[in-house]
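Fold and contact review
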Amino acid sequence: PDAKPHRSLRAVSHRDEKGWWHVIDAKGRDVGKLAAFVSRLLQGKHRADFVANQVHGDSVIVVNAIHVFFPGHTWDTKIYRFYRNRFTDPRGPKVITATRLMMINPSIILSRAVKGMLPKNLLRNNWLRRFYCYPGAIHPHWGVPQALVPVEKR
C-alpha cells in the first residue's frame, strides 16, 4: 500500500509558553535563500521588539532538508572542510563535496549555511540552539504542528 497523499503548508507558526516556533518545509528551496530567511527568524529581526545584543528570536524547525537544492554546478564544486585535531593532523582537513555530504547527513548542509549567515559573535551558539533541522518530513517536537498534513478528501 502506498502512503497517503500529503500536502505541504510551506511554513507553520505556533506559539507556546516558550515563545514562537516556525516549522518550515525546505522541499525545493534554495539553500542560501532559506538560510538567510532562517537566520533572520533566529535573530528576531522580524519582530518589533528587536534588540541586537540579546537573544529574542524565535525557534525554527526545518523539515525535508534532503530536498533542498543548490543552483548551477554547486553540488560538484562546493566543498566543506572539517578540520581534524586543531589543524595539527598531518592528513590535513577532511574535504567533502556537497553531493557526498548530502548522502552522509543532509541536515549538515543547511546547518552550516545558517551558521554562516549568523553574525560571528558570542550570541551565535545561543541562536543555533534554537535551530532544528531534520532530513525527513516529520519532526519529533511535541505540541508543535507538522508542516506536512494529510490531504482532505472532498
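Residues numbered from 1 in each chain as written. Predicted model: local features only at pLDDT ≥ 70, side-chain atom pairs only at ≥ 80, totals over all residues. Heavy atoms only, no water.

In this section: the sheet that holds strand β4 (residues 59-63). Adjacent strands of a sheet pair through backbone hydrogen bonds, lying either parallel or antiparallel. Strand order in the open sheet made by the four strands is β2-β3-β4-β7, with mixed pairing throughout. Here the strands that pair on one side only, and so sit at the sheet edges, are β2 (11-16) and β7 (131-133). Strand-to-strand, the axes of this sheet are offset by a mean angle of 15°, without reference to chain direction. Sheet topology note: the β2/strand β3 (residues 19-25) ladder contains six bridges and is antiparallel. (Pairing = 2+ DSSP bridges. Helix = DSSP H or I, 4+ residues; strand = E, 2+ residues; numbered from the N terminus. Axes fitted to C-alpha atoms, helices over the stretch in contact; angles between N-to-C directions.)

Counting buried positions along β3 gives six out of seven residues, so the element sits mostly inside the fold. Two elements, β3 and β4, share five bridges in a ladder whose sense is parallel. Within β4, the residue paired with Val-23 across the bridge is Ile-61. In terms of handedness, the path from β3 via helix α1 (residues 31-43) over to β4 forms a crossover that is right-handed. (Buried < 20%, exposed > 50% of the residue type's maximum accessible area, 1.4 Å probe, protein only. Right-handed = clockwise from strand over helix to strand, strands pointing away.)

In this model α1 runs 18 Å from its N-terminal to its C-terminal C-alpha over 13 residues, within 8% of the 18 Å that 1.5 Å per residue would give. Along α1, the residues that are buried comprise Val-31, Leu-34, Ala-35, Val-38, Ser-39, Leu-41, Leu-42 and Gln-43. Those residues of α1 hidden inside the fold are in contact with β3, β4, α4 (106-117), α5 (124-128) and β7. Looking at where α1 begins, the residue whose side-chain oxygen comes 3.2 Å from the main-chain nitrogen of Gly-32 is Asp-30. Once α1 ends, the next one or two residues include Gly-44, with phi positive near 85°. (Expected span 1.5 Å × (residues − 1). Contact = heavy atoms within 4.5 Å. Polar contact = N/O pair within 3.5 Å; in protein donor to acceptor, adjacent residues only side chain to side chain.)

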